[in-house]
Amino acid sequence: TVPFISMLFLTLLLLFLALFPGAFNCCTRISDEIPKGILRRVEGFEMQKADGLCHLEAVILYIKGRKFCVCPRIRKVKKWMKNKLKIPGRKPHSRRQRRTEILKKKGKKV
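Quick caveat: nothing in here was measured; it's all calculated off a predicted structure. (Residues numbered from 1 in each chain as written. Predicted model: local features only at pLDDT ≥ 70, side-chain atom pairs only at ≥ 80, totals over all residues. Heavy atoms only, no water.)

**Concerning the overall build of the protein chain**
At step 1: Of regular secondary structure, the protein chain possesses three helices and three strands.
At step 2: Mapped from its N terminus to its C terminus, the protein chain presents α and β elements in the order α-β-β-β-α-α.
At step 3: The buried share of the protein chain, taken over its 110 residues, is 21%.
At step 4: Here the analysis covers contacts within the protein chain between residues at least 6 apart in sequence; of these, 42% occur between residues at least 24 apart. (Helix = DSSP H or I, 4+ residues; strand = E, 2+ residues; numbered from the N terminus. Buried < 20%, exposed > 50% of the residue type's maximum accessible area, 1.4 Å probe, protein only. Contact = heavy atoms within 4.5 Å.)

Laid out in structure tokens, this is it:
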């Protein structure tokens, strides 16, 4: 019966890991401050919401294969994330610039 129980336990554990892959990847503690140079070295980040399996709201910063959990309300972190999530767009040309380009294409003097 002992091998049966251990096999059952192992099967249930594997099933749990398959159904809830992030269960052991939650931040359990977060830092309320962040050293100056950390944000410059961040290779990636993700948000952890306080729902489901994880019970803490956090920003997970990945630096050289390590993860750092910080409070999402830190002013430096908010500003950094806002800059990272900004989508670069085209600068609108002024009317004069567009007119000059059109006239150059037609071969007229400006």
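**Details of the pattern of salt bridges**
At step 1: Across all of its chains, the model carries one salt bridge by this definition.
At step 2: We note a salt bridge from Glu 57 to Arg 73, for which the minimum N-O separation is 3.7 Å. Of this pair, Glu 57 sits in the loop between β1 (44-48) and β2 (58-63) while Arg 73 sits in the loop between β3 (66-70) and α2 (75-85), placing them 16 residues apart in sequence. (Salt bridge = Lys/Arg side-chain N within 4 Å of Asp/Glu carboxyl O.)

**A short note on the packing of aromatic side chains**
A ring pair, where both rings are aromatic, is described by two values, the distance of the centres and the angle of the planes.
At step 1: Scanning the model with the defined rule gives one aromatic pair in all.
At step 2: Pairing Phe 45 with Trp 80 gives two aromatic rings, centres 5.1 Å apart and planes at 70°, and the pair type is edge-to-face. Separated by 35 residues along the polypeptide, Phe 45 in strand β1 and Trp 80 in helix α2 bring together distant segments of the chain. (Phe/Tyr/Trp six-rings, centres within 6.5 Å; stacked < 30°, edge-to-face > 60°.)

**A short note on a nonpolar patch on the surface**
At step 1: A surface patch of nonpolar side chains, about 530 Å² in accessible area, is lined by Phe 4, Ile 5, Leu 8, Leu 12 and Leu 15.
At step 2: Tracing the sequence through the fold places Ile 5 in helix α1 (residues 2-19). (Patch = residues over 30% accessible without salt bridge, like charges linked within 9 Å, V, L, I, M, F, W, Y side chains within 5 Å. Areas by Shrake-Rupley, 256 points an atom, 1.4 Å probe, with all protein chains shown as cover.)

**Section: the state of the cysteines**
At step 1: Applying the stated criterion across every chain yields a total of two disulfides.
At step 2: With a sulfur-sulfur separation of 1.9 Å, Cys 26 is cross-linked through a disulfide to Cys 54. Across the disulfide from Cys 26 to Cys 54, rotation about the S-S bond amounts to roughly -70°, and the bridge is consequently left-handed. Highlighted residues: Cys 26 in the loop between α1 and β1 and Cys 54 in the loop between β1 and β2, separated in sequence by 28 residues.
At step 3: At a sulfur-sulfur separation of 1.9 Å, the disulfide partner of Cys 27 is Cys 69. Since a negative S-S torsion denotes a left-handed disulfide, the Cys 27-Cys 69 link at about -75° is left-handed. (Disulfide = S-S within 2.5 Å.)

**So, the nonpolar core**
At step 1: Of all hydrophobic cores here, the largest spans 13 residues; its most connected members are Ile 34, Leu 61, Val 70 and Val 77.
At step 2: If we skip the residues at most four places from it in the chain, Leu 61 touches Ile 34, Ile 38, Leu 39, Val 42, Gly 44, Phe 45, Arg 66, Lys 67, Phe 68, Val 70 and Trp 80. (Core = buried A, V, L, I, M, F, W, Y, C linked by side-chain atoms within 4.5 Å.)

**Describing the sheet that holds β3**
At step 1: Pairing within the open sheet is antiparallel, and its three strands lie in the order β1-β2-β3. Of all the strands in the sheet, just β1 and β3 have a single pairing partner and so form its edges. Within this sheet the neighbouring strands show an average axis-to-axis angle of 25°, counted without direction.
At step 2: With five bridges connecting them, β1 and β2 associate as antiparallel partners. Across the sheet, residue Gly 44 finds its bridge partner in β2, namely Tyr 62.
At step 3: Along the sheet face, α2 touches β1, β2 and β3 and points at about 115° away from the line of β1. (Pairing = 2+ DSSP bridges. Axes fitted to C-alpha atoms, helices over the stretch in contact; angles between N-to-C directions.)

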